[in-house]
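Structure assessment
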Amino acid sequence: MNPYAKLTFSLSLVLGTTITISSNHWMMAWTGLEINTLAIIPLISKHHHPRAIEAAIKYFLTQAAASTLLLFSSTINAWHTGQWDITQLSHPTASLLLTTAIAMKLGLVPFHFWFPEVLQGSPLTTAMLLSTVMKFPPITILLLTSHSLNPTLLTTMAIASAALGGWMGLNQTQIRKILAFSSISHLGWMTIILIYNPKLTLLTFYLYCFMTAAIFLTLNTTKSLKLSTMMTSWTKTPTLNASFMLTLLSLAGLPPLTGFLPKWLIIQELSKQEMTPAATIIAILSLLGLFFYLRLAYYSTITLPPNPTNHMKQWYVNKPANTLIATLITLSTLLLPMSPMVLASI
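Here goes a summary of the coordinates provided. (Residues numbered from 1 in each chain as written. Predicted model: local features only at pLDDT ≥ 70, side-chain atom pairs only at ≥ 80, totals over all residues. Heavy atoms only, no water.)

Comments concerning the overall build of the protein
Formally: Under the scheme used here, helices are H or I runs from DSSP no shorter than 4 residues and strands are E runs no shorter than 2 residues, and both carry numbers assigned from the N terminus. C-alpha atoms define the radius of gyration in this analysis, and the globule rule sets the expected value at 2.2 Å times the number of residues to the power 0.38. Summary of the burial criterion: residues with accessible area below 20% of their type's maximum are buried, those above 50% are exposed, and those between are partly exposed, where the area comes from a 1.4 Å probe applied to protein chains only. Only heavy atoms enter the contact rule, under which two residues are in contact if any of them lie within 4.5 Å. For the area figures, the Shrake-Rupley method with a 1.4 Å probe applies, and any residue is considered shielded solely by the protein chains shown. The charge count includes Lys and Arg as positive and Asp and Glu as negative, but it does not include His or the ends of the chains. Lys charges are placed at NZ, Arg charges at CZ, Asp charges at CG and Glu charges at CD.
Of the regular secondary structure elements, the protein holds 16 helices and zero strands. In summary, the protein has a C-alpha radius of gyration of 20 Å against a globular reference of 20 Å for 346 residues, a match within 12%. For the protein, the C-alpha atoms occupy an extent of roughly 70 × 50 × 35 Å along the three principal directions. Within the protein, buried positions represent 53% of all 346 residues. A separation threshold of at least 6 residues defines the contact pool for the protein, and within that pool the share at least 24 residues apart is 77%. Accessible surface, the protein: about 15300 Å² in total, of which carbon and sulfur atoms supply 70%. Taking the average location of the 17 positive side-chain charges in the protein and that of its 6 negative ones, the two points are 19 Å from each other.

Some details on the packing of helix α4 (residues 92–106) against helix α8 (residues 151–169)
For clarity, the cut-off: Note on method: axes are straight lines fitted to C-alpha atoms, helices fitted across the in-contact stretch only, with angles between N-to-C directions ranging 0 to 180 degrees. Convention used here: angles under 35 degrees read as roughly parallel, angles over 145 as roughly antiparallel, angles from 65 to 115 as roughly perpendicular, and any remaining angle as oblique. Less than a right angle of anticlockwise turn of the near helix away from the far helix marks a crossing as left-handed, whereas a clockwise turn marks it as right-handed. Note on residue classes: Ala, Val, Leu, Ile, Met, Phe, Trp, Tyr, Cys and Pro are nonpolar, Asp, Glu, Lys and Arg are charged, and everything else, Gly too, is polar.
Contact geometry of α4 with α8 gives a least axis separation of 11 Å together with a crossing angle of 20°. Relative to α8, the element α4 is oriented roughly parallel. Once α4 is placed against α8, the crossing between them reads as right-handed. Along its contact with α4, which presents Leu-96, Thr-99 and Ala-103, the element α8 presents Leu-153, Leu-154 and Met-157. A per-class count over the contact of α4 with α8 returns five nonpolar, one polar and no charged.

Some points on the pattern of salt bridges
Any two side chains of opposite charge can pair, given that their charged atoms come close. Definition in use: Criterion for a salt bridge: a side-chain nitrogen of Lys or Arg within 4 Å of a carboxyl oxygen of Asp or Glu.
Inspection of every chain in the model, using the stated rule, returns three salt bridges. Across the pair Lys-58 and Glu-117 runs a salt bridge whose closest N-O atoms are separated by 3.9 Å. Pair noted here: Lys-58 is in helix α3 (residues 50–81) and Glu-117 is in helix α5 (residues 114–121), with a separation of 59 residues, a long-range link. Classification of Lys-58 by relative accessible area gives partly exposed; the value is 28%. Across the pair Glu-117 and Lys-177 runs a salt bridge, and its minimum N-O distance is 3.3 Å.

Focus: a nonpolar patch on the surface
Spelled out, the test is: Patch definition: residues above 30% relative accessible area lacking any salt bridge, with like charges linked at up to 9 Å and the nonpolar side chains Val, Leu, Ile, Met, Phe, Trp and Tyr linked at up to 5 Å.
Side chains of Leu-38, Ile-53, Ile-57, Phe-60 and Leu-61 sit close together on the surface and give an oily, nonpolar patch of about 480 Å² of accessible area. Ranked by residue count, the leading element in the nonpolar patch is α3, at four residues. Along the polypeptide, Leu-38 turns up in helix α2 (residues 26–44).

And the structure:
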């Protein structure tokens, strides 16, 4: 892709995200979401491969439907209340339509079908953007309207997302699909606590972004797309692979790593809100995710390929250290001891 075109699309992504997260008016929020959608589509389809084109079309159709629902929701609310302010969402039908639209934007169950397919057809760097940056504007809209949403509906969707993300990830061999189902599962954790403690949703999202970005950038460095190629990647970058294993375990939520912090705080908050059954169910469902994260960690650092001659020879090259990956891996693994400072900052 032409570097000027790539720069234009990247700046459009920044512009669209900024417009949505800083707007109070429904039309401006919708405009930002549309700019984001149009900017990411060329990045998805930049490899002119049938799978990439298919992913771009699926993404466009889903996001267009979600944007239409969001516009419809805001119009109904304005019609009944005379308000175009995002925080003044008070009509029940408008709230239901908005929940549906944002669930489609994010890939929450039962509107998740597009997300693994689109991620599988995208390059690793674009898949990273789809899993992190592109989820920020919809989550911001959810935060602004959290007081108007239906708690029962959100809790049901959250538990279903955690369950499906865990179950569907078990049988995958493509790493991008595993990370897509991991994203759906994490969205369940963010959604279940949204109404009771929106700041905790934001903290969970930030930490999830650090961990997922570290994983995608590591995979991009080692050029690993399947579990079979991951088995030979340790010969190229052994230190990076060891750090990769720690990041995966952090994403699974194992103490004493960073990923344990949001899960611990969410379960604590749900218990305070007398939602112990929901906390118990979602904690048990996270064990499904733990299984496939452990499998990824096992493949990346412990297992040797059964027949190395099937794979292209991986020469060990002393590459210069990537500061961004190092910083993200550090944040993804070592923030738990600093949790009082993290909590004080939100």
